[in-house]
Amino acid sequence: MKTIITYGTFDLFHFGHVRLFKRLRALGDKLIVAVSTDEFNALKGKAAFFSYLQRAEIVEACKYVDMVVPETHWQQKAKDICKHDISIFGMGDDWQGEFDELSILCDVVYLSRTGEISSTEIKNSLAAKMPNHDINKVQK
Ligand code: CTP
């Protein structure tokens, strides 16, 4: 049984996220996705449009994802790898080299990012089309 884990915010879920999950899931038998909580994003100076619960619900509905867990702090990755008996830690290659120290615990892979799509680009593009609407305002 090969379990893979990946981490991210996954706001405004898009095809770049789907393709990452599809390729990671194909590396083994089970894909766990750790979704950043709103509090953790705030620590990083990031604000997601969708709340943690909404993002987790969307990610969990993707057919390549077997389990969603919250990511609440930077140091939890090593703990998660041991707790879930992870074989592969995978991220997009915008993170190339950033998590190499985890290779003492499991394989670490960086997959090429899908070009020309990101949550930030979607937000900027919508903001440009609707200049009077604050896209960063979280919907309640
Ligand atoms: N990712 C990807 N291809 C994309 C966008 C993201 O493979 N076009 C991957 C990232 O490399 C990362 C994961 O998806 O491993 C989560 O990235 P996240 O930052 O949540 O998505 P982005 O669309 O990059 O969001 P932002 O613009 O806020 O950084």
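Please read these numbers as outputs of a predicted model, since none were measured by experiment. (Residues numbered from 1 in each chain as written. Predicted model: local features only at pLDDT ≥ 70, side-chain atom pairs only at ≥ 80, totals over all residues. Heavy atoms only, no water.)

Quick question: what am I supposed to make of the packing of aromatic side chains here?
All told, the structure shown has 7 aromatic pairs when counted by the stated rule. Taking 5.1 Å as the distance between ring centres and 70° as the angle between the ring planes, the aromatic pair formed by Phe-49 and Phe-50 counts as edge-to-face. Through a chain of ring-to-ring contacts, the aromatic side chains of Tyr-7, Phe-89, Trp-95 and Phe-99 assemble into a single cluster. Over the ring of Trp-74 we find Lys-44, and its NZ or CZ is 5.5 Å from the ring centre. Sitting above the plane of the Tyr-7 ring, Lys-77 keeps its charged end 4.9 Å from the centroid. (Phe/Tyr/Trp six-rings, centres within 6.5 Å; stacked < 30°, edge-to-face > 60°. Lys NZ or Arg CZ within 6 Å of the ring centre and 35° of its normal.)

Before we go on, may I ask you to explain unusual backbone geometry in this structure?
If you check the backbone angles, Phe-10 has positive phi at about 55° while not being a glycine. Owing to a relative accessible area of 7%, Phe-10 belongs among the buried residues under this scheme. Phi at Asp-85 is positive, roughly 55°, even though this residue is not glycine. Inspection of the secondary structure assignment puts Asp-85 in the loop between α4 (76-83) and β4 (88-92). (Buried < 20%, exposed > 50% of the residue type's maximum accessible area, 1.4 Å probe, protein only. Helix = DSSP H or I, 4+ residues; strand = E, 2+ residues; numbered from the N terminus.)

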